[in-house]
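Chain and residue survey
Here are the chains, one letter per residue:
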Amino acid sequence: MPLSSTFAWNNLIQTSVNSGDIGHAILVYQQMMFRGVCPDKHTLPRVLTASRLAGDILFGKQVHGHALKLGLYGDRYVATALIEMYGWLDSVGAARSLFDKSTCKDSVSWTVLARLYLTENKPRSALDLFGEMVNLAVKFDSVALATAIGACGQLKSLHEGRKLQEIARRCGLESDVLVGNSLLQMYIDCASISDARAIFDQMPSRDVISWTTIIHGYVKQGGFHESLKLFQHMNKDGIKPDALSISTLLPACARMTACKHGKEIHGHLLRSGYSLHGEGNLALSLFHKMEEDAGLQIDQLAYGAVLHACVTACAVEEGKFYFNCIRNRNITHYTLMVSLLARAGLFNEASAFIEEWQIERHVDVLRALLDGCRIHREVKLGKRIIEQLCELEPLNADNYVLQSNWFAHHEKWDMVNKFKGMMNDMGLKPQQAYSWIEHRNKVHVFGTGDVSHPRSEKIYWQLEQLMEKMRNKGPLRDLDFSLHDVDEERECIPMAHSEMLAVSFGLISNQAGTTIRVTKNHRVCYSCHDALKAISKLEQREVIVKDLHRFYHFRDGLCSCCDLK
């Protein structure tokens, strides 16, 4: 990389931010300054974004100083990034002060401030701000209007909402999908399903959010029959339901299991919902009901879905039966069968199946087999699979992390250092592990061993108390990262893994009994999985963690995956 090229440094910072490696983005900027490369108006917004995501206001203030020193504070993108950074890390008051002093306001900066008001649960302030925009004849876009409409929804003000709909009509934004979806949600929040339906029916184009919102509106009002009809129309229009669409329909299905619509929806739930949440047996039960209905034809897609349910439920014989029902098989079906056999510990049978169908060079098949090795601690077979993955994907950093962790578990430190050196030489950088949790409309992000959060001291104190209670209940499982695919977590105590920090923050920030919901960008390790089971029992809370592969529902000391993670 040309050391004096600001463009190249900017790209490197942006790549790190996009990949979630916030610490590296900040380090790149510091290296850039150390080498005497002058930041420009494109550098500082990226770095301020990194500061905001890292929760590091001190670093953000340093960058603010750089902006003033370099004469870049007057740039609208820099000013907007500063407003957003101070709004998230200091207060909306600090953001408003910067906003008022700014000489380069545009629709984006107005919208950023309005959204900050919403995160602070101040919808009236957000709506008043939009009123200022209109009075000052500031040109606004669909995002600004949608934000104001969202404020009306929070206020449950039909009067204000209808005024904004009229503004949208006059400005030609009523047909915009984002504005239409916002109006839909606003009318539902205001308990006016008739207004919501009128908006929905006149929308020239609808996305999955439009359909999910109106379906949710009918479910909320008790219109279960209409919600199921809409779901059917959604599928006929070629809109693929997502996880939220499926979960929105659950109350309607619970009340209409006997009708034809309900059974059709059950098929979609089977394919998209229950298996992902570890409810394999429930998914199989629903499929059996579908089979009993003589008027309902089971298609090949449904057979593929039930095979996935068999994997989740570890139902080997049923899985074999439904695999044979699939006429046009593809690699996904073969991978599911390998996963089913490996999760059941039938490694000889899984190996014979792979050899029979000649699928040993498909990485998805090998990873399915490796998952079984993780569950049953088949470390030797796991090592052979990892070596095959490195051969098939020589530029995938995760494969080398797996090898390094295997050698570290067996205390072969020379090999650990060799693989780390190899990764550096090849320019491979493993993705760092992050977890996040939403609280009061604000997303809190945690990295491994993170101490940057303002409440870090309380977060770690809470975890220490929980770990002490767990030790008093009995010995904890020995740490085993031999087949784990996250580098930094092996070198850090499990208590400081990102998902544990996020859960601890949820515990200290929410009322007793509130469900804790955390998302992680990597696999949950066994130590954290065991700890979260114990925490759910000690705290009498449900903890839901979504990682790369599935949802884990921890309740009363148990997990929905039945420890087959």
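Below: a short report on this structure. Note that the coordinates shown come from a computational prediction; the quantities given were computed from them, not determined experimentally.

Some words on the overall build of the chain
For the chain, the helix and strand inventory stands at 29 helices and six strands. By the burial criterion, 51% of the 565 residues in the chain qualify as buried. Once local pairs closer than 6 in sequence are excluded, the contacts in the chain between residues at least 24 apart make up 64%. For the chain, the computed accessible surface area is about 26500 Å², with 52% contributed by carbon and sulfur atoms.

Examining the side chain of Ser509
Along the polypeptide, Ser509 turns up in helix 28 (residues 498-509). Here Phe505 takes part through its backbone oxygen, which lies 2.7 Å from a polar atom of the side chain of Ser509. Beyond its immediate chain neighbours, meaning those up to four positions away, Ser509 contacts His439 and Arg455.

Considering the packing of aromatic side chains
Applying the stated criterion to the full structure yields 16 aromatic pairs. Seen in terms of ring centroids, Phe446 and Phe505 are 5.9 Å apart; in terms of plane orientation they differ by 45°. Their pairing is tilted. With Phe446 in strand 2 (residues 442-447) and Phe505 in helix 28, this pair connects stretches of sequence that are 59 residues apart. Each member of the pair Phe446 and Phe505 is classed as buried. Among the aromatic side chains, those forming a connected cluster through ring pairs are Phe323, Tyr334, Phe353 and Trp357. Note that Arg206 overlies the ring of Phe200, its terminal NZ or CZ placed 4.3 Å from the centroid.

Observations regarding empty space enclosed by the protein
Following the criterion strictly, the structure yields three cavities of 30 Å³ or more and no others. Counted as a void, the second largest cavity has a volume near 50 Å³. For the second largest cavity, the full set of lining residues is Trp110, Thr111, Ala114, Ala126, Leu129, Phe130, Met133, Ala144, Thr147 and Ala148. Taken together, the elements giving at least two residues each to the lining of the second largest cavity come down to helix 7 (107-119), helix 8 (123-135) and helix 9 (142-155). A class-by-class count of the residues in the lining of the second largest cavity yields eight nonpolar, two polar and no charged.

Some details on the pattern of salt bridges
Under the definition given, this model contains 23 salt bridges. Between Asp128 and Arg124 there is a salt bridge, with the nearest N and O atoms lying 3.7 Å from each other. Here Arg124 and Asp128 lie together in helix 8, a separation of four residues that amounts to about one turn. Overall, Asp128 belongs to the partly exposed group, its relative accessible area being 41%. Salt-bridge contacts for Arg555 lead to Glu542; the nearest nitrogen and oxygen are separated by 3.1 Å. Of this pair, Arg555 sits in strand 5 (residues 551-555) while Glu542 sits in the loop between helix 29 (526-538) and strand 4 (543-546); the two residues are 13 residues apart in sequence, bridging distant segments of the chain. On the basis of relative accessibility, which here comes to 40%, the residue Arg555 falls in the partly exposed class. Each of the salt bridges in this network shares a partner with another, and the network as a whole consists of Arg124, Asp128, Glu160 and Lys163.

So, how was this worked out
Residues numbered from 1 in each chain as written. Predicted model: local features only at pLDDT ≥ 70, side-chain atom pairs only at ≥ 80, totals over all residues. Heavy atoms only, no water. Helix = DSSP H or I, 4+ residues; strand = E, 2+ residues; numbered from the N terminus. Buried < 20%, exposed > 50% of the residue type's maximum accessible area, 1.4 Å probe, protein only. Contact = heavy atoms within 4.5 Å. Areas by Shrake-Rupley, 256 points an atom, 1.4 Å probe, with all protein chains shown as cover. Polar contact = N/O pair within 3.5 Å; in protein donor to acceptor, adjacent residues only side chain to side chain. Phe/Tyr/Trp six-rings, centres within 6.5 Å; stacked < 30°, edge-to-face > 60°. Lys NZ or Arg CZ within 6 Å of the ring centre and 35° of its normal. 1 Å grid on protein atoms, 1.4 Å probe; cavity = no way out; pocket = protein on both sides within 12 Å on 5 of 7 lines; lining within 4 Å. Points joined across faces, edges and corners; volume = space filled by probe spheres on them. Nonpolar A, V, L, I, M, F, W, Y, C, P; charged D, E, K, R; others polar. Salt bridge = Lys/Arg side-chain N within 4 Å of Asp/Glu carboxyl O.

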